[in-house]
Amino acid sequence: MSELKRSARAAAEVSRINAFFPIMPLLGNRLASVRPFEGLTIGVSAHLTTLTAALVRELALGGGTWVLCAASDATTDYAVVDYLRDNGFDVYTSGSRDDYHSALLSHEPDLIAGVGGTLLDTLVRRFPEQAERVRGAVEVSKTGVVKVDDLDVPFPVVNINDGRLKPAVENRHGVGEGLWHAVQSLTGMHLSGRRVGVVGYGPVGRGVAAYARAAGAAVEVVESDPVRRLVAHYDGFPIPTLSDCITRAGIVVTCTGGRSVLSLADLAGAPDGMVLINAGHGGDEIDIPAIKRAAIAVDHVADHVVSYKLQSGRTLLVLTDGHPLNIVMNAGSPEPVLLHFALLGLTLEWLTRATDLPPGLITVPPDLENVAAELALTALRAAHG
Ligand SMILES: NC(=O)c1ccc[n+]([C@@H]2O[C@H](COP(=O)([O-])OP(=O)(O)OC[C@H]3O[C@@H](n4cnc5c(N)ncnc54)[C@H](O)[C@@H]3O)[C@@H](O)[C@H]2O)c1
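The numbers attached to residues start from 1 for each chain and follow its sequence in the written order. Local features in a predicted model are, by the rule used here, given only for residues with pLDDT of at least 70; side-chain atom pairs are given and counted only at 80 or more, and totals for whole chains, interfaces and linings are based on all residues. Side-chain numbers come from the whole structure's heavy atoms, not from hydrogens or water.

Q: Hey, could you run me through unusual backbone geometry in this one?
A: Note: most residues except glycine have negative phi, and most peptide bonds are trans. A positive phi is found at Glu-108, a non-glycine position, where the angle reads about 50°. The backbone of Ser-260 shows a phi angle near 50°, a positive value even though the residue is not glycine. Each helix corresponds to a stretch of at least 4 residues labelled H or I by DSSP, and each strand to a stretch of at least 2 residues labelled E; elements are numbered beginning at the N terminus. Here Ser-260 lies in the loop between β9 (251-254) and β10 (274-278). Given a relative accessible area of 32%, Ser-260 falls into the partly exposed group. Partly exposed describes any residue whose relative accessible area lies between the buried limit of under 20% and the exposed limit of over 50%, with all areas from a 1.4 Å probe on protein chains only and scaled to the type maximum.

So this is what it looks like as structure tokens:
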């Protein structure tokens, strides 16, 4: 597809998204009337999807210079990259992650918005003097929050993952509903009667399990935290060990944010044709490199679907190479993602006027969540009468 066509496709997607849930234009109107970012440079490390394009377009109405880089190659939509560049944004995607972080940081951002914490990691570890001049940052993902917690960050980083809004709506309902839509369109599978193992019962796992059950699957939950395991029990799910669950499940979804939570050894008892899906942030919850090394035959069944035959004669069907499937396929779920994007925009606006904030992680102020929820309710009324 030519660059022009790709960019036009992304523009049409942004219009479609705004027609059904116009929270981004509402945010843009608010920012345009205040122009809080005038004179500032803001660096954004994000999944470069149409939803991010819909966000950045509105954020820029608040003034300032906006510079972007990819959060992950696997989730970068090059139509969106073209669209953003056509609209005058600098977007860095090529070379190694270090390369595009360095390119973005050469703009010396005053504020940073990120998913996954990798840009903040590069900034603090490689450019500590520059980090001293940053006014504040927003981190949207659990994985990023954990990473930032390990860093000695000299400025406030607002954690919008652990407020009230994002876990309740985006992590739970957005991923829960969006993941299974994406799986069905990728594979044609219906869930009725299938056995699904959900690993991790945070908000993401809870949504993934609930929507699978609602679609008729027999769902089991594997969770290492005893309180959450108990909650899964009272929500009505069997709570086997991982190895036990693996012997029965036809589909396993990782939802932990951890690394190698599903190793090759864990998969020893897997039935033939087990489908492996990741819904967590990174691409390493399932040990795909170990599966690749152990495979005696590999079949690229379709885009994003690879079958690995193991020595035992059994196959594993890996979807989207272990990257978060709903994001790779669908850019996440529009409404919940846009809701937390609105919160991200409001938080950046707040950081331009907040004073005396401590360095390091701070939880998003409830007042900002209330404003974001009001914007969402207004958008829902406008869209649905
Ligand atoms: N795909 C998406 O669109 C999307 C959206 C939001 C969040 N996420 C990501 O999904 C992941 C989960 O998010 P969350 O909000 O539910 O996080 P969370 O930390 O609240 O929940 C993760 C759960 O996994 C459990 N866990 C960790 N390791 C385990 C293991 N080895 N076995 C069993 N259980 C284990 C933890 O005890 C915890 O209860 C994070 O990586 C987050 O960044 C993805």
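Q: Whenever I open this one, the domain arrangement of the protein chain confuses me. Can you help?
A: When the parts of a complex come together, some accessible area is lost, and that lost area is often used as the size of the interface. Domain delimitation follows an automatic or database domain assignment. According to the domain assignment, the protein chain contains domain 1 (3-166 + 333-384) and domain 2 (172-329). The centre of domain 1, based on its C-alpha atoms, is set 29 Å off from the matching centre of domain 2. Taken residue by residue, the interface counts nine residues in domain 1 and eight residues in domain 2. Taken together, the two surfaces of domain 1 and domain 2 that pack against each other cover about 710 Å², and 65% of this comes from carbon and sulfur. Per-residue buried area on domain 1 facing domain 2 is highest for Ala-74, Thr-143 and Ser-333; these three make up 48% of the total on that side. Throughout, a contact is declared for two residues whenever any of their heavy atoms are within 4.5 Å. Note on definitions: buried area is the accessible-area loss of two parts on being combined, 1.4 Å probe, summed for both.

Q: In this structure, what is going on with helix α4 (residues 78-86)? I would like to understand it.
A: Residues of α4 that are buried: Ala-79, Val-80, Val-81, Asp-82, Tyr-83 and Leu-84. Among the residues trailing α4, Gly-88 stands out with phi positive, at a value near 90°.

Q: Could you clarify how one ought to interpret helix α2 (residues 23-34) in this entry?
A: Helical geometry note: an α-helix holds 3.6 residues per turn, so side chains three or four residues apart project in the same direction. Compared with an ideal rise of 1.5 Å per residue, which puts 12 residues at 16 Å, α2 spans 17 Å between its outermost C-alpha atoms and is within 8% of the ideal. Here α2 has its buried residues at Ile-23, Met-24, Leu-27, Gly-28 and Leu-31. Summarising the axial view, the buried residues of α2 lie within an arc of 135°, below the 170-degree limit, and thus occupy one face. In α2, the exposed residues that point more than 90 degrees away from the buried face are Asn-29 and Ser-33. Positive backbone phi, at 50°, marks Arg-35, one or two positions downstream of α2. The span you would expect from a helix comes to 1.5 Å times its residue count less one. In this description, one arc is meant: the one made by directions from the helix axis to the C-beta atoms.

Q: Just to check I follow, could you spell out the site of the ligand for this structure?
A: Note on terminology: near, applied to a residue and a molecule or strand, indicates that one of the residue's heavy atoms is within 4 Å of it. What surrounds the ligand is a group of 27 residues, the closest being Asn-171, Glu-223, Arg-228, Ala-279 and Asn-326. Identification of polar contacts relies on pairs of N or O atoms within 3.5 Å, with a donor-acceptor requirement for protein atoms, meaning one able to donate a hydrogen and the other able to accept it, and with residues adjacent in sequence counted only if both atoms are side-chain atoms. Contact between the ligand and Thr-143: an oxygen atom at 3.1 Å from a side-chain N or O atom of the residue. Shrake-Rupley sampling with a 1.4 Å probe provides the accessible areas, and residues are treated as covered by the protein chains on show and by no other component. The fraction of the free accessible surface of the ligand (860 Å²) that becomes covered by protein chains is 85%. If you list the elements that add at least two residues to the shell around the ligand, you get α8 (142-149), α9 (165-187), α10 (203-214) and α14 (325-330). Counting residues per element, the shell around the ligand draws most heavily on α9, at four residues. When residues are grouped by polarity, Ala, Val, Leu, Ile, Met, Phe, Trp, Tyr, Cys and Pro land in nonpolar, Asp, Glu, Lys and Arg in charged, and all others, Gly among them, in polar. Residues belonging to the shell around the ligand are distributed by class as follows: 11 nonpolar, 10 polar and six charged. When residues are assigned to domains, the shell around the ligand turns out to be shared by domain 1 (3-166 + 333-384) and domain 2 (172-329), each giving three or more.

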